[in-house]
Every structure is written in C-alpha cells, then in structure tokens.
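An overview of the molecular structure
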Amino acid sequence: MTSKFQSSLAAGLNPADVVERTFDLEAIRTELADLAAVHREQGDTLRRLPPALAEAFLRHDVYRMLLPSDLGGAAVDPLDYLQLVADIARVDGSTAWSLAIGIGSALYVGYLPPEHGRAMVAERACGIAGAYAPFGRGDVADGGYRVSGRWGWASGIDQARWVVFGFSVPADEATEGGPAEVRQALAPRDAFRILDTWHVSGMRGTGSTEYEVENLFVPAETSFRVFVSQPCHPAPFFRLPGAFFAAAVASVTIGIALGTVDGLKRLASGKRGFPGRPALRDQAFAQYAVAKAQALAESASAYLRHAMGDIWHNILIDEAVTLDQRTRARRAAVHAAEAAAGAVDLCCRAAGGHALFQSQPFERALRDVRAAMAQIVLQPNAMEDAGRAAFGLDPVSPAF
C-alpha cells in the first residue's frame, strides 16, 4: 500500500511539510443531515444549495476530504465517503448530490501537474463543478488550446471555485488525420458565463445549470484525459476509475430509497384506517412494500460497496483494476439506481394519497430518484456497456 509519507516523497515534497489531518465524519454527517432537513424546501426555491449548507460544506472542509495529506486533505476512505453520501440522501437528495459531486470532483486535481493541483486546493473554498463530457471544441493554439462551448449538469457551480469542462480537438488538428481527441481541463469559475437554465422537477436544490465560454486559452500541460491517461499524482485516490463517479451518484439513489422507507414507517405508525378497514401497518400490501423496498435498497447497497471495495483493495495493494472489476462496479451502480427507483415506487403506492403531499417525503423522493437516473452513468447504456464487456466486446465509453 502507498502510504501518505510515500505519496509526499513521490510528489517531491518535504515530509515535514505534510500535515496529517482527520475529518470527524460523524460530526459532518449529523450537522449536514440536520441542516438538510431544515433547508431542503429553500433549496427547491433557490434551485441551488442553500447558503447554510454551503457554509457548512466549507466549515467542515469537505471539498478536500478525499485528497491526500500533501494536498491538504485527510485521505478519507472512499467507501466511507460513499456511505456519508447515502446517509445524507436519506434526508435530502439534492444536498447529498451536491456533497457527492463536490467531494468526488477533487479526483480531477490528480491529473494536473502537482504544483498546479496544490495551488488549486490550497484553500477550503476549492470546490469543482462541471461536466467532463466533450461538449466544447478545442482548437490547437501555441502552447495549448483555444476552447469554446456550452456545457450542462454543473451541479454545485454556485459554490464552486473551479470548473471542469471537456472538449474535443478536431482530428486534423489533434492527430493529423486520426480520430478526434477528447480532453478535459479546469479553469476558474469566473472565466465562464453561468446560465439560468435549471428549472426542473427533481434535484432542484443542486443548481445543476449550464455554463459557456468562448475562446478560453487552456495550456497544454493543464489539460488531461480523465480516467484514460495516468494521473500525475501517485495517491491511491487518483487511481480510481470512472466507476467511482457512478458509485457516488448511485449512492444518492440508495439513500433516497432508504429515506422513503423511513417515511413509510413513520406514516404507518400513526395512520389510522378508514372505518371498516385496517390501519396502514396492518395492511398486507404495506407490509410487503416496506419489506421489499428495504430489501431492494439494502441489497443494492451491499452489491455496490462490494464492487467498489474490490477496486479499492486492488488500488491499495498497487495492483491494476481489472476489466471484470470495472464491469461489476458499473452494473452495480445502474442496478442500485433502478432498485432504488423500484423501492420508492413501492413506498409511494403503499402510502396512497399521502404520497401526494409535500409534507410527506414521498413526492420529493419520486422526483429526485427519477432525476438522478437521468445521469448518463446511471442510464441503460451504462448497463449495456457492462453487457458488452461480458460478451467480450469493447465498452463504448472510453472512461469505462
């Protein structure tokens, strides 16, 4: 296993400059869950993360949670991070989504030259938002690229300091007649025009709006190919494959499902039946629904954690992550989202008319879990890619 001391040496640092840090995950979990319960309606109204939660993210230094110690982080175990995300999603999906993206996006920093990455995360307010999909165009320029484009799904961009963006370099410029090259880069949020387009049904409080830029210069040494090229920093965290991102957003759906189960239990504990009919907790379908929904969510969670645990184990012992491991994690993430949606549907049906009221958790859960499934890594094509791998075919996604 690569230790924090070894990582700092490999990065060319003086070990005396490395500060060991710890994060009180239980304190973070408790405060964020409490704040999410109070401010989730405000998030829906603002269509972004409420200020109280944005401030708490900074106070707890969450954006550097997964980073190695030489970059100011605490090298929190990625599996603990996934559990934290799921726990917050039991209270509010939008808060958990913002947390998942805000923390997990620190992975991009490892693809930059160490001196650049270190400067970017020198302060707590170092959140990253944006899309690594190649919606932009990069024209080759002296020393780099000139990038223009418009991107979407920038969850948390209102509180981010940096923006990630993907772009393609035309074939005739990139490889002299070969295929177009896809790259990513990071730039200050202030370099982009933020667009007010996030008017949606679900995940309203994530602020996942669009952004655009024209003729932005990107130095060649600060562009990269995430999940495809080798990271510049040797820390284990940066060697996680693209399946890690899928696991993060899938963990949100698992938490939403478990929160809906909690809501059905609360409803059943106090809901009387109509005259001549049994109370909700005595109805056979409600009993089936609560048990089946919990089984769906818990089994999906166990499958996802097992798949990601295998990947993390290989990384820690400095072994390559295999195609079989990536395939298992990809299908586990899509399965988690689909199982979570099924669990939410069951709980909504069992709740009956109560599922319509905003005072209950059901309608929000239904909106949010369906919105989460729209993320490309949780859509059927991701499972299809896992099927291609099972048949011995190459996955379509280069970041598989």
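Residues numbered from 1 in each chain as written. Predicted model: local features only at pLDDT ≥ 70, side-chain atom pairs only at ≥ 80, totals over all residues. Heavy atoms only, no water.

**Let's talk about the state of the cysteines**
Going by this rule: Cysteine sulfur atoms are paired as a disulfide whenever they come within 2.5 Å of each other. The buried label applies to any residue whose accessible area, calculated with a 1.4 Å probe on protein chains only, is under 20% of its type's maximum; exposed applies above 50%, and partly exposed to all values in between.
A complete count under the given rule lists zero disulfides for this structure. With no disulfide of its own, C232 lies closest to C126 among cysteine sulfurs, the gap being 18 Å. On the basis of relative accessible area, C232 is assigned to the partly exposed category, the value being 41%.

**Quick notes on the nonpolar core**
Quick note on the threshold: Here, the term nonpolar core denotes a set of buried Ala, Val, Leu, Ile, Met, Phe, Trp, Tyr and Cys residues that are joined through side-chain atoms within 4.5 Å. Residues count as neighbours in contact if any of their non-hydrogen atoms are within 4.5 Å of one another.
If you look at the biggest cluster of nonpolar residues, it comprises 111 residues, and the most contacted ones within it are M65, Y81, F237, L240, V252 and M308. Every residue in contact with M65, bar those within four places of it in the chain, is listed here: F23, L25, I28, A74, A75, V76, L84 and I103. Membership of the second largest hydrophobic core comes to 19 residues, among which are V163, V169, A185 and A187.

**Focus on the sheet that holds strand β6 (residues 209–219)**
Where strands meet in a sheet, backbone hydrogen bonds hold them as pairs that are either parallel or antiparallel. Cut-off, in case you're wondering: Think of it this way: DSSP has to see at least two bridges between two strands before they count as a pair. Secondary structure follows DSSP: runs of H or I at least 4 residues long count as helices, runs of E at least 2 residues long count as strands, and numbering of each begins at the N terminus.
The mixed open sheet is built from seven strands, whose spatial order is β5-β6-β2-β1-β3-β4-β7. In this open sheet, the two edge strands, each paired with only one partner strand, are β5 (193–195) and β7 (223–224). As judged from the three bridges shared by β5 and β6, these two strands associate in the antiparallel manner. Within β6, the residue paired with I194 across the bridge is Y211.

**With respect to the pairing of strand β2 (residues 144–154)**
Across six bridges, strand β1 (residues 128–141) lies against β2 in antiparallel orientation. Bridge assignment links D139 to a residue of β2, and that residue is R146. Joining the antiparallel neighbours β1 and β2 is a turn of two residues, in which G143 adopts a positive phi near 85 degrees. Relative to β6, β2 runs antiparallel, the two sharing eight bridges. Looking at the pairing, G144 lines up with P219 of β6.

**A word on the pattern of salt bridges**
This is how it is decided: Salt bridge criterion: a side-chain nitrogen from Lys or Arg within 4 Å of a carboxyl oxygen from Asp or Glu.
Applying the stated criterion across every chain yields a total of 21 salt bridges. One salt-bridge network, held together by shared partners, links R40, E41, D44, D92, R204, E363, R364 and R367.

**With respect to unusual backbone geometry**
Its identity is not glycine, yet D61 carries a phi of approximately 55 degrees, on the positive side. Within the chain, F227 stands out as a residue other than glycine whose phi angle is a positive 65 degrees.

**Describing helix α9 (residues 284–316)**
Put simply, the rule is: How far a helix is expected to stretch is found by multiplying one less than its residue total by 1.5 Å.
A rise of 1.5 Å per residue sets the reference length of α9, with its 33 residues, at 48 Å; its end C-alpha atoms lie 47 Å apart and thus fit the reference within 8%. One or two positions beyond α9, positive phi appears at D318, with a value near 65 degrees.

**With respect to the pairing of strand β4 (residues 181–188)**
In the sheet, strand β3 (residues 162–169) pairs with β4 via eight bridges, with the strands oriented antiparallel. Of the residues in β4, the one forming a bridge with S168 is V182. Where β4 meets β7, two bridges bridge the pair, whose relative direction is antiparallel. When the bridges of β7 are listed, A185 appears paired with S223.

Function-wise, these values are silent; they only describe arrangement.
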